[in-house]
Every structure is written in structure tokens, then in C-alpha cells.
Amino acid sequence: MELKYSKEFVTNVYKTLLTIRVFETECIKLYRQGFIRGYFHPYLGEEAIAVGVCAALTDKDYITSTHRGHGHCIANGANLDKMIAELLGKKDGYCKGLGGSMHIADTTKGNLGANGIVGAGIPIGIGAALATKIRKDDAVAVTFSSDGAANNGVFSEGLNLAAAWDLPFIMVLENNQYAVSTPIKESTREVELVKRGESLGVKSFRIDGNNVFEVYETTKEAIRICKEEKGPVLIEAITFRHGGHHVNDPGLYLPKEELDYYMSKDPVKFARKYLIDDLGLNESEVEEIDSGVNKQIEDSIEFAKENGEMSSQEFLKFIENY
Amino acid sequence: MKEMKELMYREALNHALLEEMRSDDTVFIMGEGIAERGGSFKVTVDLLNEFGAERVIDTPISEASFTGAGVGAAIAGMKPVVEILFSDFTMLIMDQLVNQAAKFNFMTGGAGNVPMVLRTQGGVGNGLAAQHSQSLEAIFYHIPGLKLVMPSTPKDAKGLLKAAIRDKHPVIFLEHKLLYMNKGLVPDGDYTIELGKADVKKEGSDVTIIAWSNMVPRSLAAAEKLEKEGISVEVVDPRTLVPLDKETILESVRKTEHVIIVQEAIRRGGIGSDIASIIQEEVFDYLNAPIKIVAGLNTPVPFNLNLEKIVVPQEEDIISAVQDLVGVYQE
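**Focus on the overall build of chain A**
Part 1: Counting secondary structure elements, chain A contains 13 helices and seven strands.
Part 2: Rg of the C-alpha trace for chain A: 19 Å, near the compact-globule value of 20 Å for 322 residues, within the 12% margin.
Part 3: Projected onto its principal axes, the C-alpha positions of chain A cover 55 × 50 × 40 Å.
Part 4: Buried positions account for 53% of the 322 residues belonging to chain A.
Part 5: Taking the intrachain contacts of chain A between residues at least 6 apart in sequence as the baseline, contacts between residues at least 24 apart amount to 75%.

The following block contains the structure:
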């Protein structure tokens, strides 16, 4: 059988999935130890969406992210030192410690930012798509969004706007089936959100969000549609959180059988198995990748812990013109 | 010296947009009915012909989304000028303005910018009633990260709009519906007026009136009549409320020792109250009398024209406020 993906590609995909997994796991420990304060919304269980989407993007493309945004940043190539420093509120963090978990952005890499307001990244992503269209950049803008955001006004308004203007815009709905603690069936009658895109004349796909290759292929097709036909495109990727809404929410409302089902479809394990079963890597080769990722996160934590904080004088200078 | 030409306020704004769009490809405009129709107040007429539908964009009635699209385009390197038809409708875009545009530069530690101008217009017209007549500047004034510009003359309108478009931060550019047809001399061609510089619209020695937007011509008309009674009134127009040119205001107060602040917006929680607090804090010793604020009544704007008149300051309200202040406190 001919393999669809090269060893190099799958290794990179696996490495990025694992980086997000280890990043979140280790940062949750830092949170428990009091190094990280405020809100922290883990992306555990949803890694395949960010990784599959970003694997299909180029440097010219844009993304906007969500409050659950660490995975999108990492998949988009963010610097881990700067990310963890930001989570610790340190001066060499992405936002000099002024933003924190929910506001990491890297405009130099086309990451227009995580967002503390559910749904707010939708119009911003549309604006980036509009900018690329006006400039004829041959690029796309992807907005990561969610089932929760789908019930906010800017979802329908924004997707309609993007469709009316034929924008190269891809809305990736991470349908993890819960808005904080409210199950999707309690917040909308039609739970197949893909139909909302169709109702607006938007090409729409409903896919397995835990299968990184399916996410990747669908994103490539969405980009093709944006460039060769016309955008926007909606991708509804079905997934599930491995825990509560944020680190202090135990998520007791998540039914055990559903959680077990999605744990069995864990995206990191899935890619690891693919490396071994389909690409023939042996256990020790994969362990080498694992230890490389672990080491990188350890180093970044070390960097962040040693990094200083913005002084109050520096802060007062920064806000002088506000 | 530049040649001066008489233009209407709306024409001056149109020239500002035209010149900035010619000189900078990243400037584009969007709003409801602004393209072929040229906007409800004719500010964007003819721009479609020159720049095409890619840069002069008619939007659906989706204020939150197209304003947010402006924010996103600005972050992604463009300079959008977004028009919201009535300032009342900005209540639909508050998340994108307050939580996104105003905070992006801050939240990214200064790394990201939102060089967007939001043009809109407010104030009472002629019976447009409670949802099309509000003066909402205090809401924007309250949000750190937003600049706030309120021009009163054609010359200021053009120079300030050009400066606002070139600014790397989000600017709320608040026009007044009764000013669009006002005429004034405007320098030909390119010039800007720095944000944060007040203008003394009329010099005087007895009383300082601080007023902006449509309250400026009204205060000037009042000042002219008061002059005949022998009261010399200075009219200071801050032009931009954020940043606020405190020094020009304080200098005038030190000279006249009497202050009246005239604002069309309702009194409660208004910008006038904040300016009064700045004055008493910084130059209390110079004041010969309490600061007087002539402001809109704390009410929605009624439809009936006679009632509409009593809810916002009229020329005679300004005149009697000055007479009271000077008559009671000056020997």
C-alpha cells in the first residue's frame, strides 16, 4: 500500500500535537503550583484541529484564535519561551505580561490573537480575509471558533458578511459539544452546525476533529475552494474536551461514556500509532521525539521562571498616552 | 500660504478621504450605503468612481461584524475607515470597539496596532427622536485606548480626519449631523491637524467657554451677542477630547478666571464634568466663580421639535449662563 504522508510530515504533525499536549499538561502543573494565575483554558483533547489546520497554512495566511488558544498559537509556530513567559506574566512574554493566556498574539506570524470574548475573533478573521482580498495576497484567513460561539450574533452575521463578499475566509468550528457546562442540545435545536453554513450558501464540511489527517485534508480543500472557486468555507470539526472548561472546573458534567469514547480517539495517541504502525518507526525512535519535546518545554519553563517582570515604572511609561 | 477655498463640512471630509485614499493604497472605507449612494450625508460621494468597489465597500446591516472586519483588516496592515450611519448604532459594535480595537495594542504589550478610524455622527437633528439623536461621546471618552475627535468646522474636519487616518491607534471620529452643510474656509491640498491640539476659536478676556462640535458655532453666536453687551468671551474648542489639550484650556482659564462648559450631551457623567474637575484641580486659585456646565437634560431626546429644543443647550441658554456668571461674580 502506498502511504499518503511522508515520514517527515507525520513526524512534524506528531511533534506539534505532542508539544501542545505537554505544554498544557506542564503548564497546568505550574498553575497548581501558583506560578500561573488567572484563567487557563486547556486545549487537551482538541489538538488535532489546530495542528491539522495549521499544517495546511503558509506564512502569508492569518489565524484568529479563542480563549482556548494555546494550541492554535503552538500549531501556528509560536515561540514557546515567549508563550510560557506570558503565562507567567513575565516581561519577555508575547505581551510583556500584560495580556496573559487569553490574549497571546503574534502578528508577525499572522496570528491575530486569542480572545477573551467568545465569538469576537470571527469578525477580526473576516477583516484579515478582507485585507488579503483587497491586497490580492493570495492568502486565506482562518478563524478558530466553537459551538458556543455559533450562538452568538457575530457568527451568523459574520459568516453572512464573508459570503456576501466572497472572502477567502475559513471558519473552523471546534464543536466540543459544550459551552462551558451547557451541552449543545440545550443551546440549539439543530445540533449539526454545518447546516448553518449551508443555509447561508457557504460550502460546509462536518468532520472528525480528532483525526488530524481529516482536518488537514479538509483544510486543504477549503483553501482550494477559497482560491479557485470562492470562499468562505465552514468546517465543523467534532471533538471533546478532556476536562472542564478551565483548570478550576473539574468538568463533572461531562458524561463518563462520552469522555471514555473520545479518550479512546485521543489525537496524540492516534498520530503516534500512525508513526509506528503505518510508517514503521520503532518505539525508541518515537521516544526520542517525545524526549525532545519534553526537553523543549522544560527549557521554556526554565526560561520563563528566570525571566523578570515589567516594573511599575515601565508600566506607567507604557500607558502614558492612554 | 496655501490657497483657501470655501467648502461645506461634508465636502471637507470628502476631500480628506479622497486625498488619503490617493496617497495610501491601504486606506479603504466601508459602511452602509456609502458607495454608489455616497452616504446618507454625502460624505463619500464619488469615491466609488475613483477607487472601485474593492476600496469603497457597501456593507450589509451588520454593524458588529463589519466594524470587527475593520479591526481585523487594521491589525492585518490596512487602514480602514468604517462608517456607522448614526452614533446611536455604535451601541451594536461595543465589543469590537471596547474589548477588541481599544485593547489590542495594550494586550499585545505594544506589538500590535489597530489603525482604524470609526466615523459616525451624532447630536440632535430636526425631530429624529430618541434613537437617532444622541450625543454619546462620554461613552468613548471613558474607554482607554480610543482617541476621540469631534470637529466643529470644515477646516478642522479635513485636517483632523487626515491625521486620524494616519494615526496608528483606533480613532472615533464623531461628526454632527447639523454641521454637514456648514461652510468655512479650508486650505487647499494636504495638511493635517495634530490630535490633541485645542483651538481658540475666538479670543476674549472675561469668560472662557469650552465647547466642541455643534456647540462651537452656537457658543460663537452667543459670544457675538454678549460682545455687544460689553462681555468679552473666549471660545476654546478642544477639537479632540482624547487626547485632551489641557494646557490650552488652563491657559484660557488663567486669563479669564471664569469658565462655562457647553456640551450637547446630557449632564450626568459627561465630559464637561471631567473637564471641570481637571480645571478645579489644576487652577483652582485662578477661578473667580464656580465652573458652570450648560448641558443637555438627563433625558432621551423627544421627537416634538419644541421639546427637542429644551433638552439641548440653545444660544439663549449660553447667553444667560454667561450673564449669570459675570453678573453675579464680577464687580
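From this point on, the discussion continues.
**Observations concerning the packing of helix H1 (residues 9–23) of chain B against helix H6 (residues 154–166) of chain B**
Residues and elements named next belong to chain B.
Part 1: Remark: H1 packs on H6, axes separated minimally by 8 Å, with the N-to-C direction vectors making an angle of 30 degrees. Classified by the angle their axes make, H1 and H6 are roughly parallel. Judged by the sense of rotation from one axis to the other, the crossing of H1 with H6 is right-handed. On H6, the residues touching Tyr 9, Ala 12, Leu 13, His 15, Ala 16, Glu 19 and Glu 20 of H1 are Pro 154, Lys 155, Ala 157, Lys 158, Leu 161, Lys 162 and Ile 165.
Part 2: Per-class residue counts for the contact of H1 with H6 are eight nonpolar, one polar and five charged.

**Some remarks on helix H11 (residues 267–278) of chain A**
Residue and element names in this part refer to chain A.
Part 1: Between the first and last C-alpha of H11 there are 16 Å, a value that for twelve residues agrees with the 16 Å anticipated at 1.5 Å per step.
Part 2: Taken together, the buried positions of H11 are occupied by Pro 267, Val 268, Ala 271 and Arg 272. Along H11, the residues classed as buried sweep out an arc of 140 degrees about the axis, all on the same side.
Part 3: For H11, the secondary structure elements touched by its buried residues are helix H1 (7–32), helix H2 (47–54), helix H9 (212–228) and helix H12 (283–306).

**Here we look at the interface of chain A and chain B**
Part 1: Listed per partner, the contact involves 30 residues of chain A and 32 residues of chain B.
Part 2: Of the residues forming the side of chain A that touches chain B, the biggest block, nine residues, is contributed by helix H5 (residues 121–135) of chain A.

**Some points on the pairing of strand E6 (residues 203–208) of chain A**
Residue and element names in this part refer to chain A.
Part 1: For E6 and strand E7 (residues 233–238), the ladder comprises six bridges, and the chain directions are parallel. Bridge pairing links Ile 207 to Ala 237 in E7.
Part 2: In the classification by handedness, the crossover that spans E6, the intervening H9 and the parallel E7 is right-handed.

**A closer look at the sheet that holds strand E14 (residues 292–296) of chain B**
All names here are of chain B.
Part 1: Ordered in space as E9-E11-E10-E13-E14, the five strands form an open sheet in which the pairing is mixed. The open sheet terminates on both sides in strands that have one partner only, identified here as strand E9 (199–202) and E14. Across the sheet, the mean angle separating the axes of adjacent strands is 25 degrees when strand polarity is ignored.
Part 2: Bridge count between E9 and strand E11 (residues 233–237): three bridges; the pairing is antiparallel.

What counts, and where the lines are drawn
Residues numbered from 1 in each chain as written. Chains lettered and ligands numbered in written order. Predicted model: local features only at pLDDT ≥ 70, side-chain atom pairs only at ≥ 80, totals over all residues. Helix = DSSP H or I, 4+ residues; strand = E, 2+ residues; numbered from the N terminus. Rg over C-alpha atoms; globule rule 2.2 N^0.38 Å. Buried ≥ 20, exposed ≤ 12 C-beta atoms within 10 Å, placed from the backbone. Contact = placed C-beta atoms within 7 Å. Axes fitted to C-alpha atoms, helices over the stretch in contact; angles between N-to-C directions. Parallel < 35°, antiparallel > 145°, perpendicular 65-115°, else oblique. Left-handed = near helix turned anticlockwise from the far one by under 90°. Nonpolar A, V, L, I, M, F, W, Y, C, P; charged D, E, K, R; others polar. Expected span 1.5 Å × (residues − 1). Arc of directions from axis to C-beta. Pairing = 2+ DSSP bridges. Right-handed = clockwise from strand over helix to strand, strands pointing away.

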